[in-house]
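# Descriptive structure summary
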Amino acid sequence: MSKVVVGLSGGVDSSTAAALLQHQGYEVVGLTLWLMKGKGQCCSEGMVDAASICEQLGIPHYIVDSRDVFQTYIVDYLVDGYSAGITPLPCSQCNRTVKFGPMLNYAREQLGIDRIATGHYARIDYDKISDRYQLKRAVDGNKDQSYFLYDLTQDLLAGTLFPLGEVLKTETRQIANQYELKTADKPESQDLCLVEANGSMQAFLDKYITGKKGDIVDTEGKVLGHHEGIHHYTIGQRKGLGISAPNPLYVVRIDAGRNQVIVGDRESAVQTECIIKRVNWVSISPPDNPIRAQVQIRYRSQPQPVTVVPLNSPEAEEIDPKIGSCVKLIFDEPIFGITPGQAAVWYDGDLVLGGGIIINC
């Protein structure tokens with residue numbers, strides 16, 4: 001039988017992925033990453049539930065202490081980003097550097113197994129013509145998680161299975177009940193693990209960042225109010241500004257150097273282009289010329305038509321010599337709330353072409 005290591009979080013999705021693979025004839029091994037220091041749902045209750053599922057399926061279960069890695073690549077990454085006035089996206093960073101990479105390395109080096117699987121909703125195909133593994137949207141568009149997986153390398157895609165890529169979420173629950181899994185009726189996580197563990201993103205950030213009072217100003221520099229720390233704000237934010245104005249105001253920029261939050265009307269928060277750093281071309285080789293695609297600038301945003309313009313090395317180095325491969329995105333129509341630190345992921349239909357981190361607009 002083929003062996004596969006399944007990443008188990010203790011939720012219904014990963015549990016069902018393990019059960020499906022076992023019933024398909026795979027020899028399944030469970031692996032749980034201990035990510036957070038202190039008490040957190042995914043690392044306390046989750047590990048217990050993952051162990052329970054492994055016992056129920058009669059498979060081995062390994063726990064890897066990844067708390068220091070998570071602290072460095074996720075907690076410190078978020079704190080540094082919010083302190084600098086950007087809004088980092090932790091999930092894509094976590095998937096490549098904290099979860100998939102270390103899981104596949106552990107499977108290969110410690111267990112002698114060359115394949116891993118998770119409960120993510122996405123699909124992987126292999127294209128013989130281009131000799132590349134391709135990442136695609138899941139069949140269930142409401143649960144599709146390909147946006148968060150754009151940074152996976154060819155090696156990681158080659159060694160990964162997504163058993164739920166062809167399954168609807170409603171079917172996942174049915175399968176879990178069919179196999180009488182103990183997690184079949186477990187509520188689904190609604191927020192980032194850090195949010196669930198701390199109650200809110202603001203509460204998490206306040207543990208690490210000491211708020212520094214500053215001004216909230218309009219686009220002309222006029223002081224309209226005051227803030228308790230720039231880490232409480234993000235581009236496009238409307239609520240919680242504490243400012244009375246005849247028309248709605250939105251955060252349009254955050255100036256960490258001056259410790260200012262700049263606000264304006266909705267038109268001030270729309271952009272026609274932006275620069276993307278740390279680009280990973282997933283399903284195709286890096287193009288030499290501009291290509292047409294559909295881009296998402298947030299997980300739940302609707303795909304928008306865009307021209308993706310590769311920037312050559314001299315152009316990229318002029319922006320920042322340390323940001324790696326870059327592209328410029330030119331939108332067909334202006335887009336509201338483009339946020340430095342978030343991911344932009346571009347598609348050709350269901351096919352994930354590439355993605356990267358927004359650095360400026």
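Residues numbered from 1 in each chain as written. Predicted model: local features only at pLDDT ≥ 70, side-chain atom pairs only at ≥ 80, totals over all residues. Heavy atoms only, no water.

### Focus: the domain arrangement of the protein
Under the convention used in this document: Residue ranges for the domains trace back to a domain assignment, done automatically or taken from a database. Every residue pair with non-hydrogen atoms within 4.5 Å of one another is taken to be in contact. Two parts placed together each lose some accessible area; with a 1.4 Å probe, that loss summed over both constitutes the buried area.
When its domains are assigned, the protein resolves into domain 1 (3-197), domain 2 (210-264) and domain 3 (269-360). On a C-alpha basis, the centroid separation for the pair domain 1 and domain 3 is 26 Å. Each partner contributes to the interface: domain 1 provides 26 residues, whereas domain 3 provides 27 residues. Taken together, the two surfaces of domain 1 and domain 3 that pack against each other cover about 2100 Å², and 48% of this comes from carbon and sulfur.

### A short note on the pairing of strand 17 (residues 351-360)
Inclusion rule: The buried label applies to any residue whose accessible area, calculated with a 1.4 Å probe on protein chains only, is under 20% of its type's maximum; exposed applies above 50%, and partly exposed to all values in between. A run of H or I in DSSP counts as a helix once it spans at least four residues, and a run of E counts as a strand once it spans at least two, with each numbered from the N terminus. Two strands pair under a simple rule: DSSP has to find at least two bridges between them.
Burial analysis of strand 17 places eight of its 10 residues in the buried class, the great majority of the element. The sheet contact formed by strand 12 (residues 270-281) and strand 17 spans five bridges and is antiparallel. From the neighbouring strand, Ile-276 faces strand 17, where its bridge partner is Ile-358. In the sheet, strand 16 (residues 343-348) pairs with strand 17 via six bridges, with the strands oriented antiparallel. Bridge pairing in strand 17 places Trp-346 opposite Gly-354. Between strand 16 and the antiparallel strand that follows it, strand 17, lie two residues; Gly-349 among them carries a positive phi value of about 65 degrees.

### Concerning the pattern of salt bridges
Here the idea is simple: oppositely charged side chains can pair when their charged atoms come close. We count it as follows: What makes a salt bridge here is a side-chain nitrogen of Lys or Arg within 4 Å of a carboxyl oxygen of Asp or Glu, nothing more.
Summed over all chains, the structure comprises 13 salt bridges. For the salt bridge of Asp-13 with Lys-169, the shortest nitrogen-to-oxygen distance reads 2.8 Å. Taken together, the residues Asp-13 in helix 1 (residues 12-23) and Lys-169 in helix 6 (residues 169-178) connect sequence positions 156 residues apart. Its relative accessible area of 16% is what places Asp-13 among the buried residues. Counted as one network, the salt bridges with shared partners bring together Asp-13, Lys-143, Lys-169 and Glu-188.

### As for the sheet that holds strand 1 (residues 3-7)
The test is simple: Only C-alpha atoms enter the line fits that serve as axes; for helices the fit covers just the stretch in contact. Angles between N-to-C directions range over 0 to 180 degrees.
Taken together, the five strands give an open sheet; going across it, the order is 3-2-1-4-7, and neighbouring strands pair in parallel fashion. Looking at strand neighbours, the two that pair on one side only are strand 3 (61-65) and strand 7 (160-161), the edges of this open sheet. Inspection of the sheet shows strand 2 (residues 27-34) paired to strand 3 by five bridges, in the parallel sense. Its bridge partner being in strand 3, Trp-34 is matched across the sheet by Asp-65. The strands touched by helix 2 (residues 45-57) within the sheet are strand 2 and strand 3, with strand 3 carrying the most contacts at an inclination of about 155 degrees.

### Quick word on the side chain of Arg-123
To keep it simple, the criterion reads: In the analysis that follows, any N or O atom pair within 3.5 Å is treated as a polar contact, provided that within protein one partner can donate a hydrogen and the other can accept it, and provided that, for residues neighboring in sequence, both atoms belong to side chains.
Of note, Arg-123 is situated in strand 5 (residues 122-127). Judged by its relative accessible area of 18%, Arg-123 is buried. A polar contact of 2.6 Å, which involves the side chain of Arg-123, links it to the backbone oxygen of Arg-137. Among residues more than four places away in sequence, those in contact with Arg-123 are Gln-134, Leu-135, Lys-136, Arg-137, Ala-138, Val-139, Phe-162, Gly-165, Glu-166 and Asp-350.

### Regarding the sheet that holds strand 10 (residues 250-255)
Taken in spatial order, the four strands line up as 9-8-11-10 in an open sheet, and their pairing is mixed. Where the open sheet ends on each side, the last strands, each with one partner, are strand 9 (223-227) and strand 10. Averaged over all adjacent pairs, the angle separating strand axes in this sheet is 30 degrees, with direction ignored. Note that strand 8 (residues 214-218) and strand 11 (residues 260-264) share four bridges and pair parallel. Its bridge partner being in strand 11, Asp-218 is matched across the sheet by Val-263.

### A few points about the packing of aromatic side chains
Convention followed: Only Phe, Tyr and Trp rings are paired, with Trp represented by its six-membered ring, and only when their centres lie within 6.5 Å; those with planes under 30 degrees apart are stacked, over 60 edge-to-face, the remainder tilted.
A complete count under the given rule lists nine aromatic pairs for this structure. Considering the side-chain rings of Phe-100 and Phe-162, the 6.1 Å spacing of their centres and the 80 degrees angle between planes classify their relative orientation as edge-to-face. Taken as a pair, Phe-100 in helix 4 (residues 90-111) and Phe-162 in the loop between strand 7 and helix 6 lie far apart in primary sequence, 62 residues in all. Owing to a relative accessible area of 0%, Phe-100 belongs among the buried residues under this scheme. Look at Tyr-126 and Tyr-133: their rings are 4.9 Å apart centre to centre, the planes differ by 50 degrees, and that puts the pair in the tilted class. Here Tyr-133 falls in the partly exposed class, since its relative accessible area comes to 28%. Taken together, the aromatic side chains of Tyr-147, Phe-148 and Tyr-299 make up a single cluster linked through ring pairs.

### Some points on the side chain of Lys-186
Secondary-structure assignment places Lys-186 in the loop between helix 6 and helix 7 (193-198). Classification of Lys-186 as buried rests on a relative accessible area of 14%. A polar contact is formed between the side chain of Lys-186 and the backbone oxygen of Gly-10, at a distance of 2.8 Å. Setting aside residues no more than four positions away along its own chain, Lys-186 makes contact with Gly-10, Gly-11, Glu-45, Gly-46, Asp-49 and Arg-173.

### Structural notes on the UniProt feature "active site" (unreviewed entry) in the protein
What counts is decided by this rule: UniProt positions are given in the numbering used here, feature names are shortened, and annotations may be inferred rather than shown by experiment.
Within this structure's numbering, the places UniProt gives as "active site" (unreviewed entry) are Cys-94 and Cys-193. With the annotated positions falling across 100 residues, the maximum pairwise C-alpha distance of 11.2 Å places them together in a single cluster. Among the secondary structure elements, Cys-94 is positioned in helix 4. Cys-94 sits in the buried class, given a relative accessible area of 8%. Non-local contacts of Cys-94, meaning those with residues more than four positions away in its chain, are made with Phe-70, Ile-74 and Lys-99. Residue placement: Cys-193 occurs in helix 7. A residue is classified by how much of its surface remains accessible, and Cys-193, at 27% relative accessible area, is partly exposed.

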